[in-house]
Structures are given as structure tokens and as C-alpha cells.
Amino acid sequence: MATEACSTITVNHINVFWDEGMLKHETGIGVFDTGDDPGFLDVLEKHPENSDRLRNMVSILKRGPISPFISWHPGSPALISHLLSFHTPEYINELVEADKGGGKMLCAGTFLNPGSWDAALLAAGTTLCAMKHVLDGHGKVAYALVRPPGHHAQPSQADGYCFLNNAGLAVQLALDSGVCNKVAVIDIDVHYGNGTAEGFYRSNKVLTISLHMNHGSWGPSHPHNGSIDELGEGEGYGYNLNIPLPNGTGDNGYVYAFNELVIPSIQKFGPDMIVLTIGLDSSAFDPNGRQCLTMEGYRKIGKIVHDLAKQHSDGRLVIVQEGGYHVTYSAYCLHAFLEGVLSLASLPPLPDPIAYYPEDDTFSSKVIDAIKNYQKDKLPF
């Protein structure tokens, strides 16, 4: 898995891994993510997981205020042998055959079309490149700017626009490398990172933490509820922490959840690597979520997570792109998050182009306190 090394390692620097081939995943048009044309609409919208969202993320990082602090690196496709570290051979064969057959709807809203498989291999391989870059000591912070997303993809099942679990593959690479004995995954996508959780549900080497909208199961492809009682099994019991948040939790609620639940868990677990799966669909204006984070919230989370990495994993942090479907605001929120990671006092924050979304954190604080009370007697660390 080739990577492009940086000449120097600096704390205030981010290595971004990206390949334009991922834009070739075409998800079509219809009523939201269904792909259906009801026959009575003149204008059908693009599937929310479309290439425009990534184009804006790339452009804001190349031309926005933090561009001088970013180095760009190419990705490369994953090999089938790489995929088998997380996924079953039967499932990978299903995807290969679906691609050979010209495409297939694998589950609701999740379409493998011509070009999708190549894009998925690039997304997985590019994420592995980002992880290897950090494992090899070429940089401390790497960001895999990838699509299709991956955190819903289970070892044997596609789900929620996801075919291959990019983050899960990277975590397994870290464990297999000999560099890392323990990895923590923090997922802030608005939906439960069920695929990643399932992949490590019986492991005490991986702590998976997911902050998500309290949406429950959405069908056969997503049987998991993301509830607080899904704690892991066997040796992994207590190493899967779900933080289902009420709709509209907002900036203050997320920061409170990090302070009360995420930070103490990371401190006690003591990871050698932190993987942050970032979903920008937790924003105030995303069509796929209702969590009301603003740019300022993402900025604060970015700083918290990087501080955790500096304190507990020698600064090693791999960020993997997941959701985020408002074509404009997702890019702005990404920029704000990476501003927080960089913590550049000399660089003024990018202004929020959309009016601040008012929030009431009273209810979310009570929910977070209840989750903390539930977990305190059930965690092994």
C-alpha cells in the first residue's frame, strides 16, 4: 500500500488522502434516496450521497483558509486480500458479482451501479493509505476524504449507502501492524456506526464510541438499534459505547457528551491510535439528520479529539469521512472541524454563512446524564 511521505512531521499539519476516481460512483436521481420516480414531480433530486458533496469538500480544503496547513496525497485501490481482514469472502464475492452483472440495489437507498465498485475499492484503499502513513511515522494526523462512505457496512452486509467498511479496515490494519495494541473509534455521524461496531463487537482491543441520533433499527440491513444496552459481547463486553442523543442536541449537548462520556472513556481505555469517523450529517441543516451542530460545534469537537490524541495516542489520529449531505454546509463544517484539529490561534475561524441555530441543551444534558449512570457499573475499565 504505497503512500507519499512528508518530509517533516508537525502537529499543526493535516495529511489529506484523496482520489478523483471516487467521484465515479453514480447514485442516480429520484425521491430523496429511493431512486424512484413517482411520475408526478417535474424535478427529481440527486441521491443525497452524490459526488457534489465531495467536490465541495475538496475545493474548500484546497482554496479555503487552512489550505496552507494541508498536504495532499494520492490513494490507491484496496486489494481483495485487504478486504478480507474485515469482510467475509461470501460478501465480497456478492459485490464482485453484482459489479460484473452491471449493478444491483443491495438494500434500501444503497445502489451499486457501474463504476461504484471501483470507487468503493478506492475509498477503502485510500483509507488504508491514510492509516499506513500514520503507522509508518510519516505524519501524526491523516484524513481520508472518501466516498462511498463505510461505517454502516457490516462484515457480511451492505447498509446505508455503504459497501466496504473503510474505517474498520483501517482499524484492523493498525492492530495487525504491531504498532497498536488498542484502537479507539469515535463516530460522530448522525447515524449509528453499526458496521464498525459489529466488526469489533467481541474485541477488547477496539473501543467503539458512537454519538448518533436516536433512530433505532431501519430494517433488515440495519438490525442494530444503537441503544445503550448494545455494549458488546464476550471479551468485547463494555467496549461498545452507544450515545443515542435526542433530536436537536446541538453544539453544547455534543460538547457535554464528550466531556461526560467520551473523554473519560478514552482516558481509561488508553488507545495507541484514535480513529474519528466524521459525519457532517449531524449539522443543523442536513437533510438526513436532526442534530443541529453548527460550525462552532464541529470546531470544538475537532479540538477535543486532537487533544485526546496528543494525550493518549502520541498524537496519532486518522479521520475517515462518512456522511454529510448538505452540499454547501457540509464543506463549511468540515473546514471548521479541521480548524479545531489544527488549533491555530493565528488563523481567524471561517465565518458561518448560515445564521446560528438556537438550542436548548436542558433535555440533552438529562439524557447524557442518564446514559452515564447506566454505563458506570457495566464497563470493564
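Just so it is clear, the model here is predicted, and its values are computed rather than measured. Just so you know, the residues in each chain are numbered from 1, in the order the chain's sequence is written. Thresholds applied to this predicted model are a pLDDT of at least 70 for local features of residues and 80 or more for the giving and counting of side-chain atom pairs; totals over whole chains, interfaces and linings are not thresholded and use all residues. The side-chain values count all of the structure's non-hydrogen atoms but skip hydrogen atoms and water molecules.

## What to know about a nonpolar patch on the surface
For patch detection, residues must exceed 30% relative accessible area and be free of salt bridges, and they are connected within 9 Å for like charges or within 5 Å for nonpolar side chains (Val, Leu, Ile, Met, Phe, Trp, Tyr). Accessible areas in this description were obtained via Shrake-Rupley with a 1.4 Å probe; residue shielding takes into account the shown protein chains only. Every case where a carboxyl oxygen of Asp or Glu lies within 4 Å of a side-chain nitrogen of Lys or Arg is listed as a salt bridge. Together, Val31, Phe40 and Leu41 make up an exposed nonpolar region whose accessible area comes to about 300 Å². Numbering of helices and strands runs from the N terminus, with a helix taken as a DSSP run of H or I at least four residues long and a strand as a DSSP run of E at least two residues long. One can find Leu41 in the loop between β2 (29-30) and β3 (45-46). Residue classification places Leu41 among the partly exposed residues on the basis of a relative accessible area of 41%. When accessible area is computed with a 1.4 Å probe and restricted to protein chains, residues below 20% of their type maximum are described as buried, those above 50% as exposed, and intermediate ones as partly exposed.

## Some details on the confidence of the model for the chain
A score between 0 and 100, pLDDT records how confident the predictor is in each residue. Of the residues in the chain, 97% reach a pLDDT of 70 or more, and the chain-wide mean stands at 95. In this model residues 1-10 is a low-confidence stretch, pLDDT under 50, and it forms 28 contacts with partners more than four residues away in sequence or in other chains. Contact criterion: two residues are considered in contact whenever any of their non-hydrogen atoms come within 4.5 Å of each other.

## Concerning the side chain of Ser221
Topologically, Ser221 is positioned in the loop between β9 (206-213) and β10 (240-245). Looking at Ser221, the relative accessible area reads 11%, which means it is buried. With residues up to four places along the chain from it excluded, the contact list for Ser221 reads Cys107, Gln154, Gln157, Ala158, Asp159 and Asn194.

## Considerations on helix α4 (residues 116-135)
Under the convention used throughout, the expected extent of a helix is 1.5 Å for every residue step, that is, one less than its residue count. The end-to-end C-alpha distance of α4, which contains 20 residues, comes to 29 Å, matching closely the 28 Å that a straight helix rising 1.5 Å per residue would cover. Buried residues dominate α4, accounting for 18 of its 20 residues. Directly beyond the C-terminal end of α4, a positive phi value near 80 degrees is found at Gly137.

## Points about helix α3 (residues 89-100)
Relative to the 16 Å expected for 12 residues at 1.5 Å per residue, α3 spans 16 Å between its end C-alpha atoms, a close match to the ideal helical length. The set of residues buried in α3 consists of Tyr91, Ile92, Leu95, Val96 and Ala98. Here the buried residues of α3 occupy an arc of 160 degrees about the axis, which is enough to place them on one side. Opposite the buried face of α3, by more than 90 degrees, sit the exposed residues Pro89, Glu90 and Lys100. On the buried face of α3, the contacting elements are α2 (80-83), β5 (104-107), β6 (110-112) and α4. Trailing α3 by a residue or two, Gly102 shows a phi angle of about 95 degrees, which is positive. The arc in question is the one spanned by the directions pointing from the helix axis to the C-beta atoms.

## Some thoughts on unusual backbone geometry
Here the amide bond leading from Arg147 into Pro148 is cis, since omega sits at -5 degrees, within 30 degrees of zero. You can see Pro148 is positioned in the loop between β7 (141-144) and α5 (166-176). Of note, the phi angle at Phe32 is positive, near 50 degrees, even though the residue is not glycine. Tracing the backbone shows Phe32 in the loop between β2 and β3. The phi dihedral of Cys292 falls on the positive side, at around 65 degrees, and the residue is not glycine. Within the secondary structure, Cys292 is located in the loop between β11 (273-278) and α8 (295-312).

## Structural notes on the sheet that holds β11
Any two strands between which DSSP finds at least two bridges are classified as paired. Spatial ordering of the open sheet is given by β4-β1-β7-β12-β11-β8-β9-β10, a layout of eight strands whose pairing is parallel. Among the strands making up the open sheet, the edge pair consists of β4 (70-74) and β10. The mean angle between the axes of side-by-side strands here comes to 15 degrees, regardless of whether they run parallel or antiparallel. Pairing of strand β1 (residues 14-18) with β7, which is carried by three bridges, proceeds in the parallel orientation. In the strand pairing of β7, Asn15 is matched with Ala142. An axis is simply a line fitted to the C-alpha atoms; with a helix, the fit covers only the stretch in contact. Between two such axes, the angle follows the N-to-C directions and lies from 0 to 180 degrees.

## So, the pattern of salt bridges
According to the stated counting rule, one finds 15 salt bridges in the structure shown. We note a salt bridge from Asp136 to Lys132, for which the minimum N-O separation is 2.6 Å. For the salt bridge of Lys372 with Glu260, the shortest nitrogen-to-oxygen distance reads 2.7 Å. Of this pair, Lys372 sits in helix α10 (residues 362-375) while Glu260 is found in helix α7 (residues 250-269), placing the two residues 112 residues apart along the sequence. You can call Lys372 partly exposed: its relative accessible area is 37%. Salt bridges sharing common partners tie together Lys46, Asp52 and Arg55.

## Observations concerning the packing of aromatic side chains
Only the six-membered ring of Trp is used, alongside the rings of Phe and Tyr, when aromatic pairs are assigned; centres must lie within 6.5 Å, and planes under 30 degrees apart are stacked while those over 60 apart are edge-to-face, with the rest tilted. A full pass over the atoms with the stated rule returns four aromatic pairs. Taking 6.0 Å as the distance between ring centres and 65 degrees as the angle between the ring planes, the aromatic pair formed by Tyr239 and Phe269 counts as edge-to-face. One end of the pair, Tyr239, is in the loop between β9 and β10; the other, Phe269, is in helix α7, and 30 residues separate them in sequence. Of the two residues, Tyr239 and Phe269, both sit in the buried class. Relative to Tyr329, the ring of Phe285 has its centre 5.4 Å away and its plane inclined at 85 degrees; by these criteria the two rings are edge-to-face. Taken as a pair, Phe285 in the loop between β11 and α8 and Tyr329 in helix α9 (residues 329-342) lie far apart in primary sequence, 44 residues in all. Relative accessible area serves as the criterion here: at 28%, Phe285 is assigned to the partly exposed category. Here, a charge over a ring means that NZ of Lys or CZ of Arg falls within 6 Å of the ring centre while also lying within 35 degrees of the ring normal. A cation over an aromatic ring shows up here: Lys62 above the ring of Trp72, its NZ or CZ 5.0 Å from the ring centre.

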